[in-house]
Amino acid sequence: MRYSLLLVLIICYAITLPAQIPIIGADSLVKHYTAKMDRYIDKDSSLGGFYSIDLYGISVFAGVTEKKSNQPEYHINWNDLPLYKNIIAFAPREEAKTIMLEKGKRPFLPEFVKKYALPPEYLKPKPTAQLPLRGLKIALDPGHIASDTAMGRMEDKFLLFKTRSGNDSVTISIAEGILTWKTANALAVLLRSQGAEVFVTRKRPDETAFGKSYANWRKEDFSRTLDSLIKEAPADQALRKIKSGRVTGENAIFRNVFRDAELRKRTEIINAFHPDLTFIIHYNVDEKNKPWNSPSPKNFSMTFVAGSFQSGELGDAERRFDFLRLLLTDDIENSCKIAGLTALQFKTGLDVPLAKMSDATYLKANCIDAGLPGVFCRNLSLTRLIQGTLVYGESLFQDNVNESVLLTKKEPLTAEGKQSISGIERIDEVAEAYYNAVLLWAKTR
């Protein structure tokens with residue numbers, strides 16, 4: 001009996017031993033992830049109350065009180081790291097978040113160890129000399145939705161002014177949603193020609209990520225979406241005013257109900273595609289030129305990747321989930337590689353200078369310099385919610401005095417006499433910049 005009790009005590013001690021003794025190399029892991037936190041994620045060094053990195057692993061807390069009482073919301077022991085990465089890579093997003101919330105300080109449950117200890121096996125087609133992008137899945141997200149003047153004004157992504165092209169006076173009318181859609185579809189043609197499998201989040205220029213126009217969403221889905229948002233955020237006064245009828249303006253409905261829901265839908269369908277790479281395609285403007293009713297002499301390009309969380313941005317469990325994901329996966333590092341190549345193509349292929357931190361107030365206020373020319377970490381909804389390698393591209397200023405003319409100059413043929421893919425040569429050139437970056441990136445994988 002005495003020996004049986006001793007054996008039980010030894011077994012219990014052995015079970016708890018891994019949690020009490022750091023794994024070999026734990027000090028190197030602490031150093032690596034602490035440096036990564038400082039380099040890419042914690043912009044103002046103000047997030048210390050929400051996490052700890054020590055010899056036993058990484059914990060994320062709901063706040064300072066929970067940290068003091070050592071009650072983590074999410075926790076990963078260093079020896080759990082490979083399994084955690086598999087869960088993040090292969091489990092549906094909501095399932096992964098639920099697994100992590102239920103885990104707490106405990107080890108992963110046996111069912112998840114069994115399910116995710118090894119990644120699912122699948123065979124990808126191999127690239128060839130003729131099809132160098134064969135086997136790659138690439139998602140393209142053309143930003144915004146405007147296909148006409150009215151929608152462009154509602155999105156506040158619309159330019160209207162007169163300028164000169166040579167000796168002629170030219171009226172510039174640009175909705176960014178059209179530019180991004182044309183660019184994405186021109187890029188899709190180029191990528192598919194080299195064997196890539198391409199998914200575009202908006203199939204038509206007037207289509208949202210819901211697969212319908214804004215007008216149809218308004219008729220069919222508005223009430224249900226509003227009720228769902230109020231259920232998630234019952235204290236949101238803007239939503240309650242819309243629900244009560246005290247606010248009826250279309251702009252308020254677009255900004256408070258539709259916009260965030262549609263960004264969520266983009267995230268959902270992109271993550272379901274499981275891309276190797278996502279391009280989020282946008283065109284920029286001179287921030288000091290608002291309301292963009294005249295041209296600007298400024299022109300810069302830049303790319304964004306995830307990171308740069310700031311004080312007040314870890315207020316809910318989902319944001320903390322992504323905070324942990326971005327820290328422990330290689331998504332930021334992998335994104336920086338292709339973002340750097342993309343920025344270089346913007347500079348050399350489009351002849352647009354790369355922005356520096358001092359070139360825009362939002363860069364200084366919201367971003368971390370990622371250490372590559374023209375690449376910045378920024379905690380935008382899509383850079384945070386989309387999983388995997390991504391680039392949020394801002395190739396040029398659409399309100400620039402020269403670019404605005406080029407972006408509205410319809411040319412069925414290019415300067416070399418080739419058929420234009422988009423019908424506008426400058427848009428083709430932007431698509432080619434993204435495309436050339438992918439070709440370079442594919443060679444390094």
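**Quick word on the pattern of salt bridges**
Then, number 1: In total, this model carries 26 salt bridges according to the counting rule given.
Then, number 2: For glutamate 250, the salt bridge identified is with arginine 218, shortest N-O distance 2.7 Å. On the criterion of sequence distance, the pair formed by glutamate 250 in helix α12 (residues 250–273) and arginine 218 in helix α9 (residues 214–220) is long-range, its members being 32 residues apart.
Then, number 3: Each of Arg93, Arg264, Glu318, Asp322, Arg325 and Asp331 takes part in salt bridges that share partners, so that together they form one network.

**Examining the pairing of strand β4 (residues 137–142)**
Then, number 1: Of all six residues making up β4, six are buried, and the element is well covered by its neighbours.
Then, number 2: Side chains Lys137, Ala139 and Asp141 of β4 all project onto a buried face; the interleaved residues Ile138, Leu140 and Pro142 project onto the opposite face, where all are buried too.
Then, number 3: Inspection of the sheet shows β4 paired to strand β7 (residues 197–200) by four bridges, in the parallel sense. Bridging across to β7, isoleucine 138 finds its partner in valine 198.
Then, number 4: Pairing of β4 with strand β8 (residues 277–284) involves five bridges; the strand directions are parallel. Considered in β8, the bridge of alanine 139 is made with threonine 278.

**Quick word on the environment of glycine 307**
Then, number 1: Looking at the element boundaries, glycine 307 is found in the loop between β9 (302–305) and α13 (317–328).
Then, number 2: Spatially, the C-alpha atom of glycine 307 lies 38 Å from that of glycine 245, the residues being 62 residues apart in sequence.
Then, number 3: In this structure glycine 307 touches Tyr40, Ile41, Leu326, Ile332, Cys377, Arg378 and Asn379, once residues within four positions along its chain are discounted.

**A short note on the packing of helix α2 (residues 26–41) against helix α14 (residues 331–350)**
Then, number 1: Two elements in contact, α2 and α14, have axes separated by 11 Å at closest approach and are oriented at 45 degrees. Between α2 and α14, the crossing angle belongs to the class labelled oblique. Note on packing geometry: the crossing formed by α2 with α14 is left-handed. Packed against α2, whose contacting residues are Lys36, Tyr40 and Ile41, the element α14 presents Ile332, Glu333 and Cys336 at the interface.

**Quick notes on the confidence of the model for the protein chain**
Then, number 1: This prediction gives the protein chain a mean pLDDT of 92; 94% of its residues lie at or above 70.
Then, number 2: Scored below 50 in pLDDT, residues 1–19 shows two contacts in the model against residues more than four places distant or in partner chains.

**Here's the deal with the side chain of threonine 163**
Then, number 1: By the secondary structure assignment, threonine 163 is in strand β5 (residues 158–165).
Then, number 2: Residue threonine 163 is classed as buried on the basis of its relative accessible area, which comes to 9%.
Then, number 3: If sequence neighbours within four positions are ignored, threonine 163 has contacts with Asp168, Ser169, Val170, Ile172, Pro295, Val401, Ser404 and Val405.

**Comments concerning the sheet that holds strand β1 (residues 51–54)**
Then, number 1: Taken together, the three strands give an open sheet; going across it, the order is β1-β2-β3, and neighbouring strands pair in antiparallel fashion. Whereas interior strands pair on both sides, the edge strands pair on one side only; in this sheet they are β1 and β3 (74–77). For this sheet, the mean inter-axis angle between neighbouring strands, taken without regard to orientation, is 5 degrees.
Then, number 2: Across four bridges, the pairing between β1 and strand β2 (residues 57–60) is antiparallel. Each residue of the ladder has a partner; that of aspartate 54, found in β2, is glycine 57.

What counts, and at which threshold
- Residues numbered from 1 in each chain as written.
- Predicted model: local features only at pLDDT ≥ 70, side-chain atom pairs only at ≥ 80, totals over all residues.
- Heavy atoms only, no water.
- Salt bridge = Lys/Arg side-chain N within 4 Å of Asp/Glu carboxyl O.
- Helix = DSSP H or I, 4+ residues; strand = E, 2+ residues; numbered from the N terminus.
- Buried < 20%, exposed > 50% of the residue type's maximum accessible area, 1.4 Å probe, protein only.
- Pairing = 2+ DSSP bridges.
- Contact = heavy atoms within 4.5 Å.
- Axes fitted to C-alpha atoms, helices over the stretch in contact; angles between N-to-C directions.
- Parallel < 35°, antiparallel > 145°, perpendicular 65-115°, else oblique.
- Left-handed = near helix turned anticlockwise from the far one by under 90°.
- pLDDT = per-residue confidence, 0-100.

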